[in-house]
Structure formats: C-alpha cells, structure tokens
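The residues making up each chain are set out below.
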Protein chains: 2
Amino acid sequence: MGNGIRIPFSFLLILVLFFHSTPQISATGYPINVWPKPTTFSWPEPRITLLSPNFTIFSPSNPYLNQVAKRYRNQFINEHYHPLVDPPVNLTGLPPLRSLDIKLIYGNPPRLACELYIHDEPLFPYRGVMLDTSRNFYGVTDLLRLIKAMSMYKLNVLHWHITDSHSFPLVLPSEPELAKKGAYGEEMMYTPEDITKVVEFGMEHGVRIMPEIDRPGHTASWAEAYPDIVTCTNMFWWPAGADLFNRLAHEPATGQLNPLTMNTYKVVKNVIKDVVSMFPDSFYHGGADEITPNCWKSNKTIQYFLAKNGTLSQLLEMFVNSTLPYIINQNRTVVYWEDVLLDPNVSVAASVLPQKNVILKTWNNGPNNTKKLVEAGYRVIVSSAEFYYLDCGHGGWAGNDSRYNQPPGTNLGNGSSWCAPFKTWQTIYNYDITYGLHIEEAKLVLGGEVVLWSKQADPAVMDPRIWPRASAMAETLWSGNRDSTGMKRYAEATDRLNEWRNRMVTRGIGAEPIQPLWCIRNPGMCNTIQPFKLS
Amino acid sequence: MGNGIRIPFSFLLILVLFFHSTPQISATGYPINVWPKPTTFSWPEPRITLLSPNFTIFSPSNPYLNQVAKRYRNQFINEHYHPLVDPPVNLTGLPPLRSLDIKLIYGNPPRLACELYIHDEPLFPYRGVMLDTSRNFYGVTDLLRLIKAMSMYKLNVLHWHITDSHSFPLVLPSEPELAKKGAYGEEMMYTPEDITKVVEFGMEHGVRIMPEIDRPGHTASWAEAYPDIVTCTNMFWWPAGADLFNRLAHEPATGQLNPLTMNTYKVVKNVIKDVVSMFPDSFYHGGADEITPNCWKSNKTIQYFLAKNGTLSQLLEMFVNSTLPYIINQNRTVVYWEDVLLDPNVSVAASVLPQKNVILKTWNNGPNNTKKLVEAGYRVIVSSAEFYYLDCGHGGWAGNDSRYNQPPGTNLGNGSSWCAPFKTWQTIYNYDITYGLHIEEAKLVLGGEVVLWSKQADPAVMDPRIWPRASAMAETLWSGNRDSTGMKRYAEATDRLNEWRNRMVTRGIGAEPIQPLWCIRNPGMCNTIQPFKLS
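Just so it is clear, the structure is predicted and the values come from calculations on it, not from any experiment. Along every chain, residues carry numbers that run from 1 in the direction the sequence is written. Numbering of ligands from 1 and lettering of chains from A proceed in the order in which they are written. Two thresholds apply to this predicted model, a pLDDT of at least 70 for residue-level local features and 80 or more for giving and counting side-chain atom pairs, whereas whole-chain, interface and lining totals are computed over all residues. Values shown for side chains rest on all heavy atoms present in the structure; no hydrogens or waters enter the calculation.

What follows is about the confidence of the model for chain A. Residue and element names in this part refer to chain A. Residue-level confidence of the predictor is summarised by pLDDT, bounded by 0 at the bottom and 100 at the top. Scored by pLDDT, chain A comes out at a mean of 87, with 87% of its residues at no less than 70. Below pLDDT 50 for its whole length, residues 1–30 participates in 114 contacts with residues either more than four positions away or in separate chains. Any two residues having at least one pair of non-hydrogen atoms within 4.5 Å are treated as being in contact. Across residues 105–114, confidence stays below pLDDT 50; counting only partners more than four residues off in sequence or on other chains, it has 23 contacts. Complex prediction metrics read pTM 0.90 and ipTM 0.88.

Encoded structure:
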C-alpha cells in the first residue's frame, strides 16, 4: 500500500514545491527545490501560475488515496509557506491551475502544469525510521506527527519498537496482563484503538507500520505479568568485578524469556496472534538481538540443560523453531536483528532462517556485516549504528559513571556513549548502504532505516533528534547523494535541506537548524572549498 | 540585585520541593531533593504538612522581591507537580502552613516549617548562560522562557550575545540604521520596549542581563548601514588554497571595524551610550574576540599603516584605548573575551586593560588559559569550550564540506565540529573551574558560564540544547559536585537531575531526558559500579 500511493505523493510533492517553495539552481540549470530530489526533473521554461480557488484533485477511487488528495489540496490552498529566499521565477499570465488528475502521472514522461517534467522512482523500496517506545513513552499524537513528517520525505516504513525490558506499553486482548503490569502506567499504554488510529493514519500518508515485539532478549517487562517465563529478573545488570561478557544484560533491566518453559510459547504465540491482527503490514519484526549469556545461565533449568552438553545457541534455535513458523504461517515476512545469525556467542544456523521468509537488519560493523548477510543470501535492511543511530553522542545513560570522574584534559571518548559520536546529517547523507557489494549482492539490500533508541529521548526531543537527519537518509535512498555528474551534492543539498528544515518548523515539526539563516540568504558564501583536515 | 534576591530564592526553592517533590536519600541520610543542592541541609524528623489555602508570603518591600513572593505563592498553590517517584515521607497531623516570612531566612541557621534546616550560599557569584541571537534570531518569549528556567537553578547572569557578523537585531535610538539594515528582518529585531521587558523580567527572577555587542571583529552586519567603517566586507570567508591563518574570517560573514576610520568611533560610542542606557547591569561585555589578520590587511589604509611599520596589535590597542575608557566612565565593569590579551597574532598589552575595570572570559585551552589570566591578575569568567560550549558535536555548519566525502570507516572527528564532541551533562558536572589554581588565584575566578552559539541552534532547539546541561553547571557553581565526604555525587545527582528534568518539562521547558523512566523508578539499578574503560 505504501508503494501504491508513493507515486502520487512524489507527484504532489513536486507540485506543492512548484507553487510555494524556493527554486534552487539544479545540476541541469533549472530552478527547482524538492527533497528528496527526483530521479530526473526538468523545467524547460520556468513559469509560475496561480492555483484556482476551485482547484480540485481527481484521484482513482481508493479510501487512502482520496484522503491524500484531500490533504494535499488543503495544503496547497492553505499553507501559504513563505520561502527563506524568494523564488527568482516571476508569475506569468497563464490561467490558474483548475484541477489535477492523478491518472496523469502514469504518463511517461508525465506532463504537469506549466511544462514541468519529472520522472521519479526510488532507488530502494524500504525507507524507514525506527522509534523505541519502551525506554520512554510517546503519545499517539507524537507518533502521528512523526508519520506526517515521514510522508514529507517519502519515508515509507515506521519500524515501531513497541516493547523492551523497560516497559510493555501495548495492550493485547489475549494477554492484557502484559501491559497492565508491564507498562509505565495507565496513561502510558497503547490500546487497540490507538493502534488502529496509527495504522490508518500511516496508510493515509503512505507509511507502513512494522511492529516489533523484541524477544527472547529485552523482555524484563514481561516478568511483571509472567515471572515464571523470564530468567534473571530484577538482578543488578552488571555485578561488581564482572567483565563485559559476564553482565546479566546489555543494559538494565535484566530479563530474557526462558526457551525451556512451555508457558513461554503460550504467551509468545498469543502476543504474535494479537499483533498480527492489529498490524496489517506484511513485515513482522521478531527482535532476537543481544542475548546475554549469563542471564540464561543464571536459571536452574537452563543450568541443567547446559550440564547435559546443551548450548545457549541450541536454546535460541529452540526458541526460533518454536515461533518463526507460527509467524510465517500468518503470511508474514519475518525481520530479525542480525544478531540471530551473527552474534559470536549465541546465534543460530542459517538453515533455521529460510531466506525466503526472513529479512535481517544489520546494525554492527558498518558495511562489513551488510556484506556478510547478503553473502549468506539474506535480504537486508541497513541500520548501521555507525551511520544511522540517532541517539548516539549525547552521553551515557548510566548513573554513577566513573568515566566522568576525570581531570580536565582527559579524552572522554567522543561524547561517551557506546556509539558516539553524534551522527551528523552529513554523515548520514554520505553513507552508501551498498558500499563494497557486487551488483547482484546489492539487489538484496532493501533499503535503510534511521534508528532512535529512547535511552535519552522522549517526546520532548523526538523532533530534533530525528529531523532533519532522517531527511538526509530519505534522499540518499530515493535518488542518491550524487548529482548527474557523479559528484556529491554537498553545497546544493545544504541549501535545499535548509529550506526544508524551515518548512518543517512551519508545519509544527521541531527540526534542528543546520546553519545560520545568513547562509541560505547568501548562497554559497558558507561553503568551504579546500578539503578540511579531519580534526 | 541578583544577589539581593538570590537568598529568598534558595529558601523558597527548598520549600516548594519540601512540599511537592521527591525526597532522595542524602549523604546525611535524610530524604531531600533539591537542585542545586544547598551547602548544608538537614531534616531531623522528616514530616510533611499541607499548605493552607490562605498561605501568604511576607517579604521586605521591594518591587522585584514582591513579584518573586507572588510568583512562588502561585506556584506553591497551583503547580501540583507529581513527582516521578512518590515521596516516602507521610503526611503528619501538623497544622497547615499558613504563612512564610522571608525575614526568617536571615536567621542562622534559618528555621523553617517542620524543622527543616538549611544554610545556603553559592561557591561562585557569577553563574551564567550565554545565548547568541545574531546567527539565528530568538523571540522575546524565548528569552523570557530561558530566564524563567535559569531562575529555577539560581543561575543569575544571562550573557546576551546580541549582535555579530550575521545580523544586528538590536534597535538603537542613536543608530537606528544598524538594525534597520543589519537585522534579518523587521520581525527579527529587539525594540527598546523588548529590552525593558527582558531586563525587568530578569530582575523579577534574580537574573542579571549582561549585554554583549561584539567588536571590532564579528561586525559584518554593521556594514549594511556603515560600509565605510568595516573592512573586507562581503568577501568569501576562506579563499581556495588559503591556509587557516589566511582566512578572511573565522566563519562567514566577513567584516571587522576599521580602527583607522574616525567614523568607527562615532558609531561605536553611540552604540555604547544606548546599550548602557538600556541595560542597567554593572557588567558590559565588549567582545574583542577572534580578530582575523587578513580582514584588516585587505584594507588600503591599514596596508599603508602596516607599511609604516605599524602592527595589527597596535590597531587593536588603538581601538581599545579609544573605547574602553568611554565604557568605564559610565560606571561599567568591562568584560572581554580572553583573545584581547592571549591571541597569538593580534592582542594588546596588559597595561591597556586595567585589572580594576576589566574581567576576562576564558574559552580556549581548558584550565591552562584560566591559569594564565589569573596569573596576570584578572578576574575571570570560565566558559571553557572543552566543557561549557553547548553547541559542539552536532556537525559542521559549512556547506560543500569535503570532510564528509569519505568511505565508511573513516574517523569523522568526534562529530565534526571544531569543539566536538558534544558536552554531556556529566562532562559539565565534573569540571572544576579552579582546577590547577592556588587558593589566592582561585579567588579571582568569579564563576562560569555555559555558552550556546547559534550556528546550529534557534528557538526550535534552544530548550534541549541548554537544559538540563546548564543545570549541571548550576550545582557545581552553587554547592559543588562532591558530597560532604569529598566523593563525586554521580548516582545521587543523576536521580535528582532526572526528577528536575521532568519538573522542567511540566513547566514548559523542553529539556533533554537523561535516562529511561525505568531508571528513576528503580533507584540505583541503572548505575555502574566498576570503572569503565574510556572508549
């Protein structure tokens, strides 16, 4: 569905810019200003006309597409966005534009008002944003605002990391106790009605909602309702003297589902059944990241299993074999974090993960793990922490952190968070997610996703953490980060992104500014010519 | 004035916490939760009583203090703040608190409701926040919101960096053309009425407003009205092939006042006269940072002066000698950036800067420059970029920046801004601004100031950029960063700051979260015990 309405989106987005925004000089010499930049775009005789007050959009009959048409018509008529820099193109005596027929766009090249020609299509079908609503809670209005902003940039998948060890905010009809006892509070839950609202709003904005219920790790919050199915509950996450490998969790709170307890599968299958019924998307994210060995090892039953020459990887395999087919049988493609295959301590064999039904999400080692996964024949979604993790660089979340008890002059490690430094929009814009892959391997890369873990984020900072950095990725995944001559689009992209950041703010999205206003008012004057030395 | 009402502030702040906030276990074993922590605080028998609906605050008659009393009374009665964690202390049968007499606080130790004893005073008299309103504009409501938040933490000086090369937003009766032509636009100016509003609001909140009109550098915006007094106007800031030293400005836009043009002094003195009349504070910030040699060298008259064996430092000395006495004569203590004395290329002799009238603001080389300045006998305000610059780590502002055109795996330098990485609240909390000084030298350190340059900040991100990081500095400058045993207050500070960050959000200040909610709900469980290796 996302793809189904993506094309009218791109078409309408061009049009709204055409009438309301700041043309910049494009590689082909014609003034345009659109983000993400279309594949090809030309405007032989730059001319602007007015929109008729009776302007109408005709669209094929489809409930979501009709909503899109309605929303964009209102935006065209009522937004009155004033660009940071006035367009150099003058108004012509052409008659006002009376109507727009969305069937038009199926022409090739499609003909638009005032001889505006575009041909457009995305380089990658999956262009996502992940939000973690377990470490800190976000209201439905925050999720809708995020979806609205995503649609501005043709980002088409919201990966909703709903639950984790910290809280279980999702109300499930078959397992109501999970949220009742595992959520942060009654006012911090998502009801089935909330989910419907988010999913429908997503459909109307061309954004698919991919749910993730992380497990068997990251499940401490499940223990509030079902202590019997969780191991190492309520333990201190990093006992004094223990080394990294012997922590009980990668971060607090501690807790992993016990693959040897039959009740585990009863609960997990109820969860899957409910989630599948609430989320129509064909992708289901099953988590499976960061199994912490000592958490399972702390459990008596598991100790017995290991004593009989069982291994932790066998435990994970048992869990996957008991849950993956159940999800697949409900016509879902299953997404897992790469750990399920690549974790050095606890992982399963590829034979357990059919390439046909499983997609893997990479986050470690930059391009290297992407390469490993496609070589293993898997379709991949790229969320490299080195480039796409939006939470990095704002410091550690741990209390009593002795790293900070240092004399001045001590290097505090890039901002002292594990994935520091902060990923700038330029870092994101310049990452090529198929770097180092052969053409055939590259075809297995479905796309990319920026990720916001909420260790140090919540609704107060959601907008500036995500925008405009997600916009930077949106263009690289749509039409790339290079112009027709193969050069990176730095200077030109900076001006366009500046304009779009300002447009976001006028639309109520609190995106970060990227430059002083003076820079866009004085095009090119804030550029740098010679290469900088890396500092 | 700020100091005059600082004490009732601390007193009232204690009280509001006492009634509405989350006690934490203090070093002395009694539940308290206040930020910044008072010098000493004890509560022999933790008991809580109600506030009478007729609760009244009596204060000595002073227009500002009366405002404070009124504001806090309303806050006590109407805020209804609900702590993240409920207080462990139960309500007693004691009679409701009927009134509060601010004269009380002059007792030693002061006796409060329910046997709450405090003795409180700041370690440093100057506790500031700097905001740059030239690179990007902030509305008066933003400034008032900042002042309001500062008063929550006993931060008592707003250093207002009003003008710079990018824009000149200050409307001056004697020099109206400067704003008329140099501001970003009519809606992006501060009128004399706006200034009065900010100054008065500051007085009512115990926050002094110290104005800065930066010059002779950072004055490109002056050229819009007076091209004749500015050198190297409208030039590209970093010509291709030029090395760092040969740039025309440290950043765009280019322009420095010409010390050899008499009209320069006519304009500057009008500016000083007007600013002094608008800002009653006894400190006047004269700027004087980052003189760029090539900007002056590009001017014919200056070339002639240099050809006659004149030096750039003589030019700066000429400028200082022609302006400093004029400011001093208006009963102002003059604050300059350290560059005026320490810049390796263009600086003046100490003899030109009387220690009695001049305070220097340090920002380079951490504790080393602080040491140099106090050794030279100057009072110092510490704004070390290494610890107190709030804009660092979010990437470079320059367009067409080739640093980013790198293959994956390239180290992009801590987030690629000159002062990267991002300064975390812990980094700020742990900085000792008198590090390496003898007791006598330390007495010359007036205090510290966190600094927000608006290269990549504007009203959309002002709150999360400043808070809660400025709160971290506020406590270190008020009562320090160590408990009575000399240990750093990490764990305990994290929980208190968490609570206060939440309180800020409920008061409409969009501060950054520092942890998942789970952490404060589970005290100590998100701490770390063993020392981390610096990563």
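This part is about the pairing of strand 14 (residues 358–362) of chain B. All names here are of chain B. The cut-offs for exposure are 20% and 50% of the maximum accessible area for each residue type, with area from a 1.4 Å probe on protein chains only; residues under the lower value are buried, those over the upper are exposed, and the others partly exposed. Each helix corresponds to a stretch of at least 4 residues labelled H or I by DSSP, and each strand to a stretch of at least 2 residues labelled E; elements are numbered beginning at the N terminus. Counting buried positions along strand 14 yields five of five residues, so the element is predominantly enclosed. Looking at chain direction, strand 14 and strand 15 (residues 379–382) are connected through four bridges and run parallel. In the sheet register, Ile 359 faces strand 15, and the bridge partner there is Arg 379. For two strands to be treated as a pair, DSSP must find at least two bridges joining them.

In this section: the interface of chain B and chain A. Contacts between the two partners involve 84 residues from chain B, matched on the other side by 85 residues from chain A. In the sections that follow, a salt bridge refers to a side-chain nitrogen of Lys or Arg positioned within 4 Å of a carboxyl oxygen of Asp or Glu. Here chain B is connected to chain A by four salt bridges. With a shortest N-O distance of 2.7 Å, Asp 458 of chain A and Arg 501 of chain B are connected by a salt bridge. Any pair of nitrogen or oxygen atoms within 3.5 Å is treated as a polar contact; in protein, a donor-acceptor pairing is required on top of that, and neighbouring residues in sequence qualify only through side-chain atoms on both sides. At the junction of chain B and chain A, the tally comes to 29 residue pairs in polar contact (both at pLDDT 80 or more). Listing elements by their share of the side of chain B that touches chain A, those giving two or more residues are helix 12 (385–388), helix 13 (425–429), helix 15 (462–466), helix 17 (490–506) and helix 18 (517–521) of chain B. A per-element tally of the side of chain B that touches chain A places helix 17 of chain B first, with four residues. Following the grouping adopted for this structure description, the nonpolar residues are Ala, Val, Leu, Ile, Met, Phe, Trp, Tyr, Cys and Pro, the charged ones are Asp, Glu, Lys and Arg, and the polar ones are all others, Gly among them. Among the residues forming the side of chain B that touches chain A, the class breakdown is 41 nonpolar, 31 polar and 12 charged.

When chain B is brought onto chain A, the operation consists of a screw motion whose angular component is 180° and whose axial shift is 0.0 Å, with 0.0 Å RMSD remaining. Such a combination of turn and shift is consistent with a two-fold rotation axis. A symmetric contact is evident, with 100% of the interface residues of chain B recurring at the interface of chain A. The fit set for superposing copies consists of C-alpha atoms from residues with pLDDT of at least 70 in both; the fit itself is least squares.

What follows covers the state of the cysteines. Put plainly, two cysteines are in a disulfide when a covalent bond ties their sulfur atoms together. Residue and element names in this part refer to chain A. The disulfide criterion used throughout: a pair of cysteine sulfur atoms within 2.5 Å. Applying the stated criterion across every chain yields a total of six disulfides over all chains. Covalent S-S linkage joins Cys 392 and Cys 419, the inter-sulfur distance amounting to 2.1 Å. Judged by the sign of its S-S torsion, about -105°, the bond between Cys 392 and Cys 419 is left-handed. In this pair, Cys 392 sits in the loop between helix 12 (385–388) and helix 13 (425–429) while Cys 419 sits in the loop between helix 12 and helix 13, placing the two residues 27 residues apart along the sequence. By relative accessible area, which is 0% here, Cys 392 ends up buried.

Our next topic: the packing of helix 8 (residues 300–307) of chain B against helix 9 (residues 312–328) of chain B. Any two packed helices are characterised by how steeply their axes cross, that is the angle between the axes, and by the distance between the axes. Residue and element names in this part refer to chain B. Every angle, taken between N-to-C directions, lies between 0 and 180 degrees, and every axis is a line fitted to C-alpha atoms, over only the stretch in contact when it is a helix. For the pair helix 8 and helix 9, the least separation of the axes is 10 Å and the interaxial angle reads 115°. Contact with helix 8, carried on its side by Ile 302, Phe 305 and Leu 306, involves Leu 312, Gln 314, Leu 315 and Met 318 of helix 9 and no other residues of that element. Residues belonging to the contact of helix 8 with helix 9 are distributed by class as follows: six nonpolar, one polar and no charged.

With that out of the way, let us pick up the environment of Glu 375 of chain B. Tracing the backbone through its elements, the reader meets Glu 375 of chain B in helix 11 (residues 366–375). The spatial distance from the C-alpha of Glu 375 of chain B to the C-alpha of Glu 441 of chain B is 7.0 Å, given a sequence separation of 66 residues.

Here we come to the sheet that holds strand 12 (residues 283–287) of chain A. In sheet architecture, strand pairing relies on hydrogen bonds along the backbone and comes in two forms, parallel and antiparallel. All names here are of chain A. Taken in spatial order, the eight strands of this closed barrel run 7-8-9-12-13-14-15-16, and their pairing is parallel. When strand polarity is set aside, the average angle formed by the axes of neighbouring strands in this sheet is 30°. Those strands touched by helix 3 (residues 140–152) are strand 7 (126–132), strand 8 (157–163) and strand 9 (208–215), and its axis lies near 160° from that of strand 8.

All names here are of chain A. Counted according to the given criterion, the structure contains 32 salt bridges over all chains. A salt bridge links Glu 449 to Lys 361, with the shortest nitrogen-to-oxygen separation between them at 2.7 Å. Residue Glu 449 is located in strand 16 (residues 445–452), and its partner Lys 361 is located in strand 14 (residues 358–362); the two are separated by 88 residues in the primary sequence. Overlapping salt bridges, with partners in common, bring together Asp 132, Arg 135, Asp 164, Glu 251 and Lys 455 in one network.

The subject of this paragraph is unusual backbone geometry. With glycine set apart, most residues show a phi of negative sign, and most peptide bonds adopt trans. Note that the residue after Pro 252 of chain B, namely Ala 253 of chain B, is joined by a cis bond; omega there is -5°. Omega for the bond connecting Trp 467 of chain B with Pro 468 of chain B falls within 30 degrees of zero, at 5°, which places this linkage in the cis form. Positive phi, close to 70°, is recorded for Ala 288 of chain A, a residue that is not glycine. On the secondary structure map, Ala 288 of chain A appears in the loop between strand 12 and helix 7 (293–297). At Glu 290 of chain A, a position not held by glycine, the phi torsion is positive, near 50°.

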